[in-house]
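Listed below are the residues making up each chain.
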Amino acid sequence: MPEQEIEFKGTNFTLSVIRIEKNDLTLLDSQLKNKIAQAPQFFKCAPVVADISEIETFFDFTALKQIIENNNFVLVGICGHTSPEQKKAAQDAGLAIVNKGSALQNKRTETQKPQPEAQPPVETTVIESTPTKIIKGQIRSGQQIYAKNTDLIIMGSVGNGAEVIADGNIHVYGTIRGRAIAGASGQHESRIFCQNLQAELVSIAGVYMLSEQLTEHANLPQCIQVEDQKIVFNPLN
């Protein structure tokens, strides 16, 4: 019986980056809990990379890994400017040293123009009232819109590196190039509607697909929903 061959392939995966600006793990734990509260189903078991570029002092990577995993994330590795001592300590804790470009770059189709590296969202608008909310204009890279307990309508496009999140449905009357997360609190009946799908990620009630899985459905008007724990696409035309 022939031995099984192991094949290594180069590919791109979407990983979220947690940027750590202070050597304060108690503060980090609190911030992670606040973030998870916004969309608990989406962040469950999400793979992440910790960016420690701002940390100049020695870091306890074992404690960092424990805190991140206690919050139901999966810490893949670290990135940023690290000293040889920090790299060894991270590796001893079972963490990979990840190149920033590899962590942030998403797979693109040949017809898409190269885009700047996606940055973690830095601006968050939380909408807490129940009527459907309408956002006019473009959602630019680095923005995050969260419609709590309601539907979200975007009268424009969602740029690369941007996130739109809703506990209900999401309607985008333009192109989705960033991330669209509907049913963020677990509503499996939620849907995502868009005029042009070029997304980095789409997710409904924690069921998601990444850019490389969306190629067959790209550049088309789509109604996206979940059936039997699988993402299903229905062209709007």
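Just so you know, these numbers come straight off a predicted model, no measurement behind them. (Residues numbered from 1 in each chain as written. Predicted model: local features only at pLDDT ≥ 70, side-chain atom pairs only at ≥ 80, totals over all residues. Heavy atoms only, no water.)

**As for the pairing of strand E14 (residues 207-210)**
- Here four bridges tie strand E13 (residues 201-204) to E14, and the two strands are oriented antiparallel to one another. The residue of E14 that forms the bridge with Ser203 is Tyr208.
- Linkage of E13 to E14, two consecutive antiparallel strands, is achieved through a turn of two residues, within which Ala205 is found at a positive phi near 55°. (Pairing = 2+ DSSP bridges. Helix = DSSP H or I, 4+ residues; strand = E, 2+ residues; numbered from the N terminus.)

**Brief notes about helix H3 (residues 61-70)**
- Within H3, burial applies to Phe61, Leu64, Ile67 and Ile68. Here the buried residues of H3 occupy an arc of 125° about the axis, which is enough to place them on one side. Counted as exposed and oriented over 90 degrees from the buried face of H3: Thr62 and Asn70.
- Measuring from the backbone nitrogen of Thr62 back to the side-chain oxygen at the start of H3 gives 3.3 Å, which picks out Asp60 as the cap.
- With its phi angle positive at about 70°, Asn72 sits one or two positions after the end of H3. (Buried < 20%, exposed > 50% of the residue type's maximum accessible area, 1.4 Å probe, protein only. Arc of directions from axis to C-beta. Polar contact = N/O pair within 3.5 Å; in protein donor to acceptor, adjacent residues only side chain to side chain.)

**Considering a nonpolar patch on the surface**
- Side chains of Ile134, Met155 and Tyr173 sit close together on the surface and give an oily, nonpolar patch of about 320 Å² of accessible area.
- The topology assignment puts Met155 in strand E8 (residues 152-155). (Patch = residues over 30% accessible without salt bridge, like charges linked within 9 Å, V, L, I, M, F, W, Y side chains within 5 Å. Areas by Shrake-Rupley, 256 points an atom, 1.4 Å probe, with all protein chains shown as cover. Salt bridge = Lys/Arg side-chain N within 4 Å of Asp/Glu carboxyl O.)

**Looking at unusual backbone geometry**
- Phi at Asn72 is positive, roughly 70°, even though this residue is not glycine.
- When you line up the elements, Asn72 lands in the loop between H3 and strand E3 (74-79).
- The backbone of Asn219 sits at a positive phi, close to 65°, despite the residue not being glycine.
- Structurally, Asn219 can be placed in the loop between E14 and strand E15 (222-227).
- Overall, the relative accessible area of 43% leaves Asn219 in the partly exposed class.

**Examining the nonpolar core**
- By size, the foremost hydrophobic cluster in this structure holds 28 residues, and its most contacted members are Val164, Ile170, Ile192, Val202 and Ile224.
- Sequence-distant contacts of Val164, that is, excluding residues within four places in its chain, are made with Ile139, Ile145, Leu152, Ile154, Val158, Ile170, Arg179, Ala180 and Ile181.
- The next biggest cluster of nonpolar side chains, apart from the first, holds 23 residues, and it includes Ile18, Ile67, Leu75 and Ala89. (Core = buried A, V, L, I, M, F, W, Y, C linked by side-chain atoms within 4.5 Å. Contact = heavy atoms within 4.5 Å.)

**Quick look at the confidence of the model for the chain**
- Predicted confidence across the chain gives a mean pLDDT of 79, with 76% of residues reaching 70 or more.
- Below a pLDDT of 50 lies the segment residues 102-122, which in the model reaches 35 contacts outside its immediate sequence neighbourhood of four places, other chains included. (pLDDT = per-residue confidence, 0-100.)

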